[in-house]
Amino acid sequence: MSNRTPIIAGNWKMYKTMAEAAAYVNEFLGLVADASGVEIVLCPSYTSLAEVRRLTAGSNVKVAAQNMHFEAEGAFTGEVSPPMLKEIGIDDVILGHSERREYYNENDGDLARKVVVALESGFRPILCCGETDDEREVGNTEAKLEGQLVNGLAGIEASRLPSIVIAYEPIWAIGTGKTATPQIAQETSSFIRGTLAQKFGDAAEQVRILYGGSVKPGNVDELMAERDIDGALVGGASLAAADFARIVNFQ
Ligand code: PGA
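Figured I'd write up the structure that's included with this text. Keep in mind that what you see is a predicted model, and the values were worked out from it rather than measured.

So, how was this worked out
- Residues numbered from 1 in each chain as written.
- Predicted model: local features only at pLDDT ≥ 70, side-chain atom pairs only at ≥ 80, totals over all residues.
- Heavy atoms only, no water.
- Helix = DSSP H or I, 4+ residues; strand = E, 2+ residues; numbered from the N terminus.
- Expected span 1.5 Å × (residues − 1).
- Buried < 20%, exposed > 50% of the residue type's maximum accessible area, 1.4 Å probe, protein only.
- Contact = heavy atoms within 4.5 Å.
- 1 Å grid on protein atoms, 1.4 Å probe; cavity = no way out; pocket = protein on both sides within 12 Å on 5 of 7 lines; lining within 4 Å.
- Points joined across faces, edges and corners; volume = space filled by probe spheres on them.
- Nonpolar A, V, L, I, M, F, W, Y, C, P; charged D, E, K, R; others polar.
- Axes fitted to C-alpha atoms, helices over the stretch in contact; angles between N-to-C directions.
- Parallel < 35°, antiparallel > 145°, perpendicular 65-115°, else oblique.
- Left-handed = near helix turned anticlockwise from the far one by under 90°.
- Phe/Tyr/Trp six-rings, centres within 6.5 Å; stacked < 30°, edge-to-face > 60°.

Observations regarding helix α8 (residues 182-200)
And then number 1: A rise of 1.5 Å per residue sets the reference length of α8, with its 19 residues, at 27 Å; its end C-alpha atoms lie 26 Å apart and thus fit the reference within 8%.
And then number 2: Of all the positions in α8, only Pro182, Ala185, Gln186, Thr188, Ser189, Phe191, Ile192, Arg193, Thr195, Leu196 and Phe200 are classed as buried.
And then number 3: Looking at the buried side of α8, the elements it contacts are β5 (124-129), α6 (133-137), α7 (141-152), β6 (165-168), β7 (209-212) and α9 (220-224).
And then number 4: Within two residues after α8, Gly201 carries a phi angle of roughly 75°, on the positive side.

Some details on the layout of surface pockets
And then number 1: As a volume, the largest pocket reaches approximately 550 Å³.
And then number 2: If you go around the largest pocket, you meet 17 residues; those closest to its centre are Lys13, Met14, Gln66, Arg100 and Tyr104.
And then number 3: Here the lining of the largest pocket is built from residues that sort into seven nonpolar, six polar and four charged.
And then number 4: For the second largest pocket, the calculated volume is near 200 Å³.
And then number 5: Considering the residues around the second largest pocket, the lining is formed by 17 residues, among which Ile174, Gly175, Ser214, Gly235 and Gly236 are closest to the centre.
And then number 6: Tallied by class, residues from the lining of the second largest pocket come to five nonpolar, eight polar and four charged.

Brief notes about the packing of α7 against α8
And then number 1: It is the contact of α7 with α8, at a shortest axis distance of 10 Å, that shows an interaxial angle of 45°. Classed by the angle they form, the pair α7 and α8 counts as oblique. The crossing of α7 and α8 is right-handed. Within the contact between the two elements, α7 uses Thr141, Glu142, Leu145, Glu146, Leu149 and Val150 and α8 uses Thr188, Phe191, Ile192, Thr195 and Lys199.
And then number 2: Broken down by class, the residue content of the contact of α7 with α8 amounts to five nonpolar, three polar and three charged.

Examining the packing of aromatic side chains
And then number 1: Tallied over the entire structure, the rule returns five aromatic pairs.
And then number 2: Considering the side-chain rings of Tyr24 and Phe28, the 5.5 Å spacing of their centres and the 35° angle between planes classify their relative orientation as tilted. Here the residue Tyr24 and the residue Phe28 both occupy positions in helix α1 (residues 18-32), the gap between them amounting to four residues, near one helical turn.
And then number 3: Arranged with centres 5.4 Å apart and planes meeting at 20°, the rings of Phe28 and Phe244 form a pair that is stacked.

Listed below in structure tokens is the structure:
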């Protein structure tokens, strides 16, 4: 870990009704009330966003959306716009999660627009990147990540970079129970920071790089001990308040 303030974000994906979300938040707030020196983010589904925002108001927990459209309004059935999220007080937005890229065909061009619009709208983007098993096996990890970062951040100036969070999520580690070793996660995060430094210079030192992929109470401490890992984006293990609180309170 570095002197960058860590971020621990829980991505609930398409889990939890509004009632389930409320019960979770009521338990969770007590468990993390004393957490300091860490930013805590919950990412519920759209239907629970406003309720989770209301229940966490005045607490040390931020709320993020899992996706966002780049237009302010329009004929885009099923989508949600920046002003809609702004109105309910959302802080951050996850962009380009591998599930969005795979199942909903989000590409780097769409994401570049979304990153710019998110910043202009006052959200902190959490831009995800990551390689598949095959890409790692044939030695394409670095090329894949470099492409996702350079293209996804195409509209960004260096001065804005520190307001962007990068989540490195190897696709082979998401929901599989197969976590990247701390060494692989560190090496890859360091490569990501180097790629950002080449394009943006010193601003890269301020960027928080989160690791995601089967983070659990049992492996968070060793991952967080690595120099270029500044937090975690947690899926499955964020669904139980006690587990996620243990991750937030990493040692
Ligand atoms: P996981 O998901 O922790 O369940 O592997 C991580 C993610 O997809 O953000």
